[in-house]
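Descriptive analysis of the structure
Listed below are the residues making up each chain.
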Amino acid sequence: MSSDATFGAMHAVIQRTEMLSAQLTFGSVNISLAEYATTGLLSMGVGPRGCGKTNVGQVMAEQLSGQGWVAVIFDPEGEMELMYGEAVTDPEDLREKLTSRNTPIIVVRAANASEFVPYGRVVLEVADKLRKPMLVVVDEGQVFSAPRKRSESLGEAVDLINEFADRGRKRAVDLYMTALRYTGSVHRTLFSNTNLTFIGCQNDAAGWSALSPQFKSAGITFGDLNSLAPAEFFCISRFGIEKVKMQMAEALKKVAPAVVQVKRNLPATYSQWDRAMREIPTERLQALSEPVTALLGQIAGLTAQQMMAGQEALVDELECR
């Protein structure tokens with residue numbers, strides 16, 4: 001057999017045909033999974049609590065489970081049962097559901113690494129046997145992984161998750177995992193191998209050095225990441241970097257409280273603004289130090305440009321007084 005024919009045969013063996021016609025939609029961004037047919041998906045959601053990382057995993061689970069995957073969601077908080085039904089009762093229950101493939105989204109309640117390990121073993125065993133498409137969603141990844149390997153159950157949990165990442169493509173296992181920070185929260189092997197990453201709002205400028213190389217060519221700054229609102233992410237895929245406004249998962253819509261839109265009652269004319277400013281005591285304005293305004297700006301979701309304009313206006317107001 002010629003070298004070209006040999007390469008073609010090897011390529012055919014490791015190519016996952018289910019990926020060729022599958023796609024994921026995040027807001028207005030469509031990602032064809034054909035580009036991931038020889039590698040599988042190793043995806044991460046990074047950002048502080050409340051930015052919407054878990055919802056990204058739910059969106060992926062719902063969309064892929066409708067395209068032939070079985071999704072397994074490891075839930076340390078006990079929230080997923082409210083949306084996708086009761087969690088499996090034990091590892092053998094998980095084995096039965098994975099083998100029968102009659103449950104599109106399976107919830108596994110695991111509050112810590114020791115509870116995760118027996119279920120993680122089952123996932124690998126079934127995947128090795130069946131080799132049918134499976135998405136594993138690991139929420140709160142820092143609970144089950146660590147920057148470096150450790151002893152006992154956490155060490156084994158780290159090994160299992162690393163196996164999902166390292167050997168998943170041959171077993172048709174795809175992975176989505178959330179992390180609070182880009183460094184120092186989960187094992188470095190995961191970050192080095194990711195091929196689909198969602199970066200949410202970043203509040204720690206010290207962590208920018210680890211992220212900046214990925215954004216430099218696109219002209220994206222720390223201020224751009226810092227100004228991201230909840231459910232907004234920079235998505236880094238094989239197609240480049242795109243800003244996405246993530247839609248809410250269908251199951252989450254059913255349990256999320258209805259948001260009452262509050263109409264802002266802001267001054268509309270110069271005289272109204274002037275009167276409103278005069279009613280604010282000078283002492284209160286002087287208390288608006290830079291750390292305080294930075295915090296308020298983050299809460300309000302202001303951009304870096306809006307923050308700069310507001311700080312200049314504050315300085316002008318105090319000088320006039």
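For the structure itself, consult the block above.
Residues numbered from 1 in each chain as written. Predicted model: local features only at pLDDT ≥ 70, side-chain atom pairs only at ≥ 80, totals over all residues. Heavy atoms only, no water.

Let us look at the packing of helix 4 (residues 91-100) against helix 5 (residues 113-130). Packed helix pairs are characterised by how far apart their axes lie and by the angle those axes make with each other. At a minimum axis separation of 9 Å, helix 4 and helix 5 run at an interaxial angle of 25°. In terms of orientation, helix 4 and helix 5 fall into the roughly parallel class. The handedness of the crossing between helix 4 and helix 5 comes out as right-handed. The segment helix 4 lies against helix 5, with P91, L94, R95, L98 and T99 engaging P118, Y119, V122, V123, E125, V126 and L130. Of the residues belonging to the contact of helix 4 with helix 5, the class tally is nine nonpolar, one polar and two charged. (Axes fitted to C-alpha atoms, helices over the stretch in contact; angles between N-to-C directions. Helix = DSSP H or I, 4+ residues; strand = E, 2+ residues; numbered from the N terminus. Parallel < 35°, antiparallel > 145°, perpendicular 65-115°, else oblique. Left-handed = near helix turned anticlockwise from the far one by under 90°. Contact = heavy atoms within 4.5 Å. Nonpolar A, V, L, I, M, F, W, Y, C, P; charged D, E, K, R; others polar.)

Glancing now at helix 8 (residues 208-215). Three or more residues of helix 8 are buried, namely W208, L211, S212 and F215. Axial view of helix 8: buried residues confined to an arc of 115°, hence all on one face. When the buried face of helix 8 is taken as reference, the exposed residues oriented beyond 90 degrees from it are S209 and P213. Contacts from the buried residues of helix 8 go to strand 8 (196-199), helix 9 (222-226), strand 9 (232-237) and strand 10 (240-245). (Buried < 20%, exposed > 50% of the residue type's maximum accessible area, 1.4 Å probe, protein only. Arc of directions from axis to C-beta.)

With respect to the element layout, I220 can be found in the loop between helix 8 and helix 9. The spacing of I220 and F234 is 14 residues in sequence and 9.6 Å in space, taken between C-alpha atoms. I220 has contacts with W208, F215, L225, F234 and I241, leaving out every residue within four places of it along the chain.

Next up on the list: unusual backbone geometry. Located in the positive-phi region is R131, a residue other than glycine, with phi close to 55°. Mapped onto the secondary structure, R131 falls in the loop between helix 5 and strand 6 (134-138). Assessed through its relative accessible area of 44%, R131 is described here as partly exposed. Backbone geometry places A231, a non-glycine residue, at a positive phi of 80°. Within the secondary structure, A231 is located in the loop between helix 9 and strand 9.

Evaluation of the coordinates by the stated rule reveals one cavity of 30 Å³ or more. When its volume is computed, the largest cavity comes out at roughly 40 Å³. Among the elements that make up the lining of the largest cavity, the one with the highest residue count is helix 5 (three residues). (1 Å grid on protein atoms, 1.4 Å probe; cavity = no way out; pocket = protein on both sides within 12 Å on 5 of 7 lines; lining within 4 Å. Points joined across faces, edges and corners; volume = space filled by probe spheres on them.)

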